[in-house]
Amino acid sequence: IAVWTLPVLFAITIHEVAHGWAASKLGDQSAKMLGRLTLNPLKHIDPIGTVIVPAALLVLGSCVFGWAKAVPVNDRNFKHPARVMAWVAMAGPASNLIMAILWAIIGKIGLELQAGSPDIGQFLLYSGVAGVSINLILMVLNLLPIPPLDGSHVLSAFLPKPWAWQFNRIAPYGFIILVGLMIMGILGPILMGPFTYFQEMIYGLVGIR
């Protein structure tokens, strides 16, 4: 719990703030007006997605992930809603990639400190590994083209409007689809390929072997 708490909170919080920040820069101030452009996790915590689900998965020894309260975005404030929403959607996974790199650097520092300060070094190393893991899981998961995940907004931007409208009607069932894929054992293999690729790339970048 000590190792995973900060990585999970930062990963989920900054992911949502990134959506709000991108929307603000591109013309929609909804998140800003509601005070959601803050790194204070209390503003973003969803009791189930931020606390109960990650804690349960951690206890079960499963893949840890979660979610925060979605940052409000009003696409009516955009001149080209579908295209701009794709950029707003990509801001979340992009923030997770950046955070994964930063956590890898922390892990590298911990690795270097292990000889002289084993307790601090081990904690930083484990936290760094946890930070890389949770951020890459969130990045890859959110890039899946399943409404309302971020990847679905990117796909919608490239679909003809009638197709995009029909596609986005799946959104209320997105969570059910994800749970179904997980129960059938399909979700894990879908995520592991991209996850492993980015993990190895980042560890190689900072020199963790």
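Residues numbered from 1 in each chain as written. Predicted model: local features only at pLDDT ≥ 70, side-chain atom pairs only at ≥ 80, totals over all residues. Heavy atoms only, no water.

1. Some points on the overall build of the chain
Link 1 in the chain: Regarding its fold elements, the chain presents nine helices and zero strands.
Link 2 in the chain: Going from the N terminus to the C terminus, the chain shows its helices and strands as α-α-α-α-α-α-α-α-α.
Link 3 in the chain: Counting only C-alpha atoms, the chain reaches 60 × 40 × 30 Å along its principal axes.
Link 4 in the chain: Taking all 209 residues of the chain together, 41% fall into the buried category.
Link 5 in the chain: If you sum the accessible surface of the chain, you get close to 11,700 Å²; carbon and sulfur atoms cover 71% of it.
Link 6 in the chain: Taking the 12 positively charged and 8 negatively charged side chains of the chain as two groups, their mean positions are separated by 13 Å. (Helix = DSSP H or I, 4+ residues; strand = E, 2+ residues; numbered from the N terminus. Buried < 20%, exposed > 50% of the residue type's maximum accessible area, 1.4 Å probe, protein only. Areas by Shrake-Rupley, 256 points an atom, 1.4 Å probe, with all protein chains shown as cover. Lys, Arg positive; Asp, Glu negative; His and termini not counted. Charge placed at Lys NZ, Arg CZ, Asp CG, Glu CD.)

2. Some details on the nonpolar core
Link 1 in the chain: Membership of the largest hydrophobic core comes to 22 residues, with the highest contact counts inside it found for Leu136, Leu144, Leu178 and Leu187.
Link 2 in the chain: Listed by contribution, the elements that provide at least two residues to this core are α4 (81-113), α5 (118-142), α8 (174-183) and α9 (187-206).
Link 3 in the chain: Contacts of Leu187, omitting those with residues within four sequence positions, involve Leu141, Leu144, Leu178, Leu181 and Met182. (Core = buried A, V, L, I, M, F, W, Y, C linked by side-chain atoms within 4.5 Å. Contact = heavy atoms within 4.5 Å.)

3. Considerations on the packing of helix α1 (residues 2-26) against α5
Link 1 in the chain: Between α1 and α5, the shortest axis-to-axis distance is 8 Å and the interhelical angle comes to 35°. Judged by the twist between their axes, the crossing of α1 over α5 is right-handed. Taking contact as the criterion, the partners of Ala2, Val3, Trp4, Pro7, Val8, Ala11, Ile12 and His15 in α1 are, on α5, Phe123, Tyr126, Ser127, Ala130, Gly131, Ser133, Ile134, Asn135, Leu138 and Asn142.
Link 2 in the chain: Taken together, the residues of the contact of α1 with α5 sort by class into twelve nonpolar, six polar and no charged. (Axes fitted to C-alpha atoms, helices over the stretch in contact; angles between N-to-C directions. Left-handed = near helix turned anticlockwise from the far one by under 90°. Nonpolar A, V, L, I, M, F, W, Y, C, P; charged D, E, K, R; others polar.)

4. Considerations on the layout of surface pockets
Link 1 in the chain: In this model, the largest pocket occupies a volume close to 670 Å³.
Link 2 in the chain: At the level of elements, α1, α4, α5, α6 (150-158) and α8 are the ones that each hand at least two residues to the lining of the largest pocket. (1 Å grid on protein atoms, 1.4 Å probe; cavity = no way out; pocket = protein on both sides within 12 Å on 5 of 7 lines; lining within 4 Å. Points joined across faces, edges and corners; volume = space filled by probe spheres on them.)

5. What to know about the packing of α6 against helix α7 (residues 161-168)
Link 1 in the chain: Here α6 crosses α7 at 160°, and the two axes come no closer than 8 Å. Taken together, the axes of α6 and α7 are roughly antiparallel relative to one another. On the side of α6, the interface is formed by Ser152, Leu155 and Ser156, while α7 contributes Ala164, Phe167 and Asn168.
Link 2 in the chain: Of the residues in the contact of α6 with α7, the class split is three nonpolar, three polar and no charged. (Parallel < 35°, antiparallel > 145°, perpendicular 65-115°, else oblique.)

6. Let's talk about the pattern of salt bridges
Link 1 in the chain: In this structure the tally under the stated criterion is one salt bridge.
Link 2 in the chain: We note a salt bridge from Lys108 to Glu112, for which the minimum N-O separation is 3.1 Å. With a gap of four residues between them, Lys108 and Glu112 both fall in helix α4, about one helical turn apart.
Link 3 in the chain: Assessed through its relative accessible area of 24%, Lys108 is described here as partly exposed.
Link 4 in the chain: The exposure class of Glu112 is exposed, given its relative accessible area of 54%. (Salt bridge = Lys/Arg side-chain N within 4 Å of Asp/Glu carboxyl O.)

7. Overview of the packing of aromatic side chains
Link 1 in the chain: Taken as a whole, this structure holds one aromatic pair when the rule is applied.
Link 2 in the chain: The interplanar angle of 80° and the centroid separation of 5.3 Å between the aromatic rings of Tyr197 and Phe198 together place this pair among those described as edge-to-face.
Link 3 in the chain: Exposure remark for Tyr197: the relative accessible area of 53% places this residue in the exposed category.
Link 4 in the chain: Looking at Phe198, the relative accessible area reads 22%, which means it is partly exposed. (Phe/Tyr/Trp six-rings, centres within 6.5 Å; stacked < 30°, edge-to-face > 60°.)

8. Describing the confidence of the model for the chain
Link 1 in the chain: The share of residues in the chain with pLDDT of 70 or more is 97%, and the mean pLDDT across the chain is 89.
Link 2 in the chain: Mean pLDDT values over the elements of the chain span from 74, in helix α3 (residues 47-60), up to 95, in α4. (pLDDT = per-residue confidence, 0-100.)

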